[in-house]
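Report on the structure
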Amino acid sequence: MASCSPLYFSTPFPTLPSSPSLPKLPRLPFHPSLLSHPFTHKPLPLAFSTGIRGASGSGRFFCRAKASMAEKGKGKVEVFDSEDDLSVSLAKYTADLADKFSKERGSFTVVLSGGSLIKSLRKLVEPPYVDAVDWSTWHVFWVDERVVPKDHDDSNYKLALDGFLSKVPILPGKVYAINDALPAEGAADDYETCLKHLVKSNVISVSAATGFPKFDLMLLGVGPDGHVASLFPGHPLVKENEKWVTFIKNSPKPPPERITFTFPVINSSANIALVVCGAGKAGPVHAALGNDQNSDPLPVGMVSPEGELVWFLDKDAASKL
Ligand SMILES: O=C1O[C@H](COP(=O)(O)O)[C@@H](O)[C@H](O)[C@H]1O
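Residues numbered from 1 in each chain as written. Predicted model: local features only at pLDDT ≥ 70, side-chain atom pairs only at ≥ 80, totals over all residues.

**Let's talk about the sheet that holds strand β9 (residues 245–248)**
Sheet architecture is open: 3 strands sit in the order β5-β10-β9, paired in antiparallel fashion. Only two strands of the sheet have a single neighbouring strand rather than two, namely β5 (144–146) and β9. Ignoring which end each strand starts from, the neighbouring axes of this sheet average 20 degrees apart. Bridge count between β5 and strand β10 (residues 258–261): 3 bridges; the pairing is antiparallel. (Pairing = 2+ DSSP bridges. Helix = DSSP H or I, 4+ residues; strand = E, 2+ residues; numbered from the N terminus. Axes fitted to C-alpha atoms, helices over the stretch in contact; angles between N-to-C directions.)

**Brief notes about helix α7 (residues 282–289)**
Those residues of α7 that sit buried are Pro284, Val285, Ala288 and Leu289. Looking straight down α7, one finds its buried side chains confined to an arc of 115 degrees; they lie on one side. Those residues of α7 that are buried are in contact with β2 (75–80), β11 (271–276) and β12 (308–314). (Buried ≥ 20, exposed ≤ 12 C-beta atoms within 10 Å, placed from the backbone. Arc of directions from axis to C-beta. Contact = placed C-beta atoms within 7 Å.)

**Side note on the environment of Lys123**
In this fold, Lys123 is placed in the loop between α2 (117–120) and α3 (129–132). Spatially, the C-alpha atom of Lys123 lies 18 Å from that of Ser58, the residues being 65 residues apart in sequence. Setting aside its immediate chain neighbours within four residues, Lys123 contacts Ser87, Val88, Ala91 and Tyr129.

**Description of the site of the ligand**
The local shell around the ligand consists of Ser113, Gly114, Gly115, Ser116, Leu117, Asp144, Asn156, Gly221, Gly223, Ser230 and Lys253. In the shell around the ligand, the residues fall into 1 nonpolar, 8 polar and 2 charged. (Near = placed C-beta within 6 Å. Nonpolar A, V, L, I, M, F, W, Y, C, P; charged D, E, K, R; others polar.)

**A word on the environment of Asp180**
Tracing the backbone through its elements, the reader meets Asp180 in the loop between α4 (156–163) and α5 (184–200). When neighbours within four sequence positions are excluded, Asp180 is seen to be in contact with Val148, Pro149 and Lys150.

**Quick word on α4**
Those residues of α4 that sit buried are Asn156, Tyr157, Leu159 and Ala160. Projected onto a plane normal to the axis of α4, the buried residues spread over an arc of 165 degrees and lie on a single side. If you follow the buried residues of α4, they end up packed against β3 (108–112), α2, β4 (138–142) and β5.

**Here's the deal with the pairing of β4**
Counting buried positions along β4 yields 5 of 5 residues, so the element is predominantly enclosed. Side chains Trp138, Val140 and Trp142 project from β4 onto one buried face, and the interleaved His139 and Phe141 project onto a second face that is buried too. Relative to β4, β3 runs parallel, the two being bridged by 5 bridges. Within β4, the position partnered with Thr109 by the bridge is His139.

**Digging into the pairing of β10**
Burial along β10 is two-sided: the residues Arg258 and Thr260 and Ile259 and Phe261 are all buried. Pairing of β9 with β10 involves 4 bridges; the strand directions are antiparallel. Looking across to β10, one finds that Val245 is bridged to Phe261.

**With respect to unusual backbone geometry**
Looking along the chain, the bond that leaves Pro127 and enters Pro128 is cis, with omega of 0 degrees. Within the secondary structure, Pro128 is located in the loop between α2 and α3. The amide bond that connects Pro254 to the next residue, Pro255, takes the cis arrangement and shows omega of -5 degrees. Checked against the element boundaries, Pro255 lands in the loop between β9 and β10. Not every positive phi belongs to a glycine, and Asn202 is a case in point at roughly 65 degrees. In this structure, Asn202 sits in the loop between α5 and β6 (205–206).

**Details of the nonpolar core**
Residues Leu220, Ala273, Leu274 and Leu313 are the most contacted members of the largest nonpolar core, which totals 87 residues. The leading source of residues in this core is helix α1 (residues 83–105), at 9 residues. Not counting the four nearest positions on each side in its chain, Leu313 is found in contact with Val77, Glu78, Val79, Phe80, Val276, Val285 and Ala318. (Core = buried A, V, L, I, M, F, W, Y, C linked by C-beta atoms within 7 Å.)

**What about the environment of Ala273?**
In this structure, Ala273 sits in strand β11. Looking at Ala273, the number of C-beta atoms within 10 Å reads 27, which means it is buried. Residues Ala273 and Phe141, 132 residues apart in the sequence, show an inter-C-alpha distance of 15 Å. For Ala273, the contacting residues outside a window of four places in its chain are Leu90, Tyr93, Leu219, Leu220, Val310 and Phe312.

That's the geometry; what it means functionally is another story.
See the structure below:
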């Protein structure tokens, strides 16, 4: 595991320009009728299964997961009959992007969240991916982390280690856990310094548009309250627009102390997958993808990457669309 100790990163790094807050084009409202057949483009009911080859329908890997899908102003929406189908397609999507970026620039920077996402990545550690993926190019980060020891049951690092990282040959020096010896503020600063070092050494790209780091892929879960990372509804941190990594000491979901990427970093990504399962999350999915105009959107509705956004929903999470 790579250390993000401040002692290691003792060289000062150049300050990157902060976001020039570019105006964004208005997003088209989503309507379920936008769900359309991938070939005929005729509208589909949500329960329709196309038997597509996977999230992208192309790429190096083949899969038979069934989904209905739509292109809309807020990204591509994939609705699966079951979480199991979803996990099959998520593995292909992730492996295809890893393959693409590894071929293009010799590395693949992927950001994990904690929570239920890790279970949904289980097919990646099974054949064919476990043997066919070039794991040596992977660099693994966390979009948020709880400020607890790495062997604590609340640790997002431990969750990923147990359910994913321990099962694949990713090099320990390319797994960037937080420094769990530091308090929340220090851990956030230390992780940001770690990212700056990796930008300087060209492991992580930079967005030409925003100056923030541009990760190849973020795999994000969503809480039942609509939070993403550790950015919670109504919390001032959702408006942070200068820092790359910040901290929270009063998280409404325990444990209270966490560090988190900020929205400018999340939204500078080349690819984001929002992975959402269960009826308990149908409300925030509807709030983000439905037609209602909300002046105060939930954090999940603020996810808007520079690159591509794909929603991986099971049919329960999509039940209010
Ligand atoms: O606390 C957290 O919650 C969210 C959502 O978790 P889920 O179990 O409802 O999927 C997660 O994405 C985040 O990383 C984690 O720290």
